[in-house]
Amino acid sequence: MGRSSKDKRDIYYRLAKEEGWRARSAFKLLQLDQEFSLFTGVNRAVDLCAAPGSWSQVLSRKLREREEKAGGAEGVKIVAVDLQAMAPLPGVTQIQGDITKVSTAQEIIRHFEGQPADLVVCDGAPDVTGLHDVDEYIQAQLLLAALNITTHVLKPGGTFVAKIFRGKDVTLLYSQLKIFFSTVTCSKPRSSRNSSIEAFVVCQNYCPPEGYVPNMSNPLLDQTYDVDFNQLEGPNRVIVPFLACGDLSAFDSDRTYSLQVRRLADRDDPSYQPPEEDPETVCPQIHEKMTELGLGGLHHFPHR
Ligand code: SAM
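Note that the coordinates shown come from a computational prediction; the quantities given were computed from them, not determined experimentally. (Residues numbered from 1 in each chain as written. Predicted model: local features only at pLDDT ≥ 70, side-chain atom pairs only at ≥ 80, totals over all residues. Heavy atoms only, no water.)

Draft legend 1. Looking closely at the overall build of the protein chain. Counting secondary structure elements, the protein chain contains eight helices and seven strands. Buried positions account for 39% of the 304 residues belonging to the protein chain. Carbon and sulfur atoms make up 52% of the accessible area of the protein chain, which amounts to about 18400 Å² in all. (Helix = DSSP H or I, 4+ residues; strand = E, 2+ residues; numbered from the N terminus. Buried < 20%, exposed > 50% of the residue type's maximum accessible area, 1.4 Å probe, protein only. Areas by Shrake-Rupley, 256 points an atom, 1.4 Å probe, with all protein chains shown as cover.)

So, in structure tokens, the structure goes:
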């Protein structure tokens, strides 16, 4: 008997069905927790890009079970955010919203009654186009949006876990994350397919630069943000050194010089020198065209 397409699904797909997880991705968070003990001491957690909700299920089961054993799960608060609605889960408050919006951050903070989160996770992924560079770029922007919103809601010392595509510009993302977390690790759970470029950054010990004011200013994400980057102050304003080089007496590339005035500071003989190679031989087509246009051919232009 032939195998149906469902039988061909992988072991984690089948395990998810058996154990009642909404998606096989649940195992990615469970395996990350096995490695990094993500849930230790966590009472307030945020699940960004949560639908259909398997990571929220993991958070709900793990955090609430632990607290129930300790006598009650009232202290546990989980907020799940997604553009799409998802079926309710015990102990999980849903926000149908966009993680690139500051209003979403404010709503999360309202649910925690002004208290910061201990853990923020993000399994966000844009709709894949199949164009690898575009997909990597959009994924990176979503990760930066998740980082921005995290800076609004995470407590100092807290943990941020997010999906990352290990593309060619991934080191830039690591550097950006390292500004905010003392430990940044890239991890690939067994349940994440080897053929997939995806991995997860586990960022521990949130410690923003002193004086950092959380903001959502990523002009690549939303051009409507009214942020004047020149007005940013303190650690929010990153300035890199600018160094002009070359002697001020060297040729100015924006000026037009007479072809006869070709004195180079480092040349012994400042007078005009004819080309060493006959330009007509080097570029016959250009020479022919220039002659045809009455421009005197390539001989007209000194070559050095
Ligand atoms: N972790 C989820 C689970 O275990 O069920 C699966 C997440 S799914 C791979 C990616 C989700 O990211 C989608 O549901 C999508 O709607 C959401 N998403 C993408 N961009 C978003 C955005 N800007 N704001 C909120 N959610 C977003």
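Draft legend 2. Representation of the UniProt feature "binding site: S-adenosyl-L-methionine" (unreviewed entry) in the protein chain within the structure. The sites that carry the UniProt feature "binding site: S-adenosyl-L-methionine" (unreviewed entry) are, in the present numbering, Gly-53, Trp-55, Asp-82, Asp-98 and Asp-123. Tracing the chain through its elements places Asp-82 in strand 2 (residues 77-82). You can call Asp-82 buried: its relative accessible area is 12%. Excluding anything up to four places from it in sequence, Asp-82 contacts Cys-49, Ala-50, Ala-51, Ile-95, Gln-96 and Gly-97. Inspection of the secondary structure assignment puts Asp-98 in the loop between strand 3 (92-96) and helix 4 (102-111). In contact with Asp-98, other than residues within four places in its own chain, are Leu-83 and Thr-104. Side chain to side chain, Asp-98 and Thr-100 meet in a polar contact 2.9 Å long. (UniProt positions renumbered as here; feature names shortened; annotations may be inferred. Contact = heavy atoms within 4.5 Å. Polar contact = N/O pair within 3.5 Å; in protein donor to acceptor, adjacent residues only side chain to side chain.)

Draft legend 3. Spatial organisation of the site of the ligand. Close to the ligand lie 18 residues; Gly-53, Ser-54, Asp-82, Asp-98 and Asp-123 are nearest. Between the ligand and Ser-54, the relevant distance is 2.5 Å, taken from an oxygen atom to a side-chain nitrogen or oxygen of the residue. Backbone polar atom of Leu-83 to a nitrogen atom of the ligand: 3.4 Å apart, as the coordinates give it. Contact with the protein chains hides 85% of the accessible area of the ligand, taken as 600 Å² for the molecule alone. Among the residues forming the shell around the ligand, the class breakdown is nine nonpolar, six polar and three charged. (Near = heavy atom within 4 Å. Nonpolar A, V, L, I, M, F, W, Y, C, P; charged D, E, K, R; others polar.)

Draft legend 4. Fine view of the side chain of Arg-24. Note on placement: Arg-24 falls in the loop between helix 1 (11-19) and helix 2 (26-36). Setting aside its immediate chain neighbours within four residues, Arg-24 contacts Asp-10, Tyr-12, Tyr-13, Ala-16, Ser-191 and Arg-193.

Draft legend 5. Summary view of a nonpolar patch on the surface. Together, Leu-131, Val-134, Tyr-137 and Ile-138 make up a nonpolar patch on the protein surface, roughly 340 Å² of accessible area in all. Position of Ile-138 among the secondary structure elements: in helix 5 (residues 132-153). Take Ile-138: its relative accessible area is 31%, and that puts it in the partly exposed class. (Patch = residues over 30% accessible without salt bridge, like charges linked within 9 Å, V, L, I, M, F, W, Y side chains within 5 Å. Salt bridge = Lys/Arg side-chain N within 4 Å of Asp/Glu carboxyl O.)

Draft legend 6. Inspection of the packing of helix 2 against helix 3 (residues 54-69) at higher detail. One can describe the packing of helix 2 onto helix 3 by two numbers: an axis separation of 7 Å at closest approach and a directional angle of 45 degrees. The pairing of helix 2 with helix 3 is recorded here as oblique in orientation. Between helix 2 and helix 3 lies a crossing whose hand is right-handed. Here Ala-26, Lys-28, Leu-29 and Leu-30 of helix 2 lie close against helix 3, whose contacting residues are Ser-54, Trp-55, Val-58, Leu-59 and Lys-62. (Axes fitted to C-alpha atoms, helices over the stretch in contact; angles between N-to-C directions. Parallel < 35°, antiparallel > 145°, perpendicular 65-115°, else oblique. Left-handed = near helix turned anticlockwise from the far one by under 90°.)

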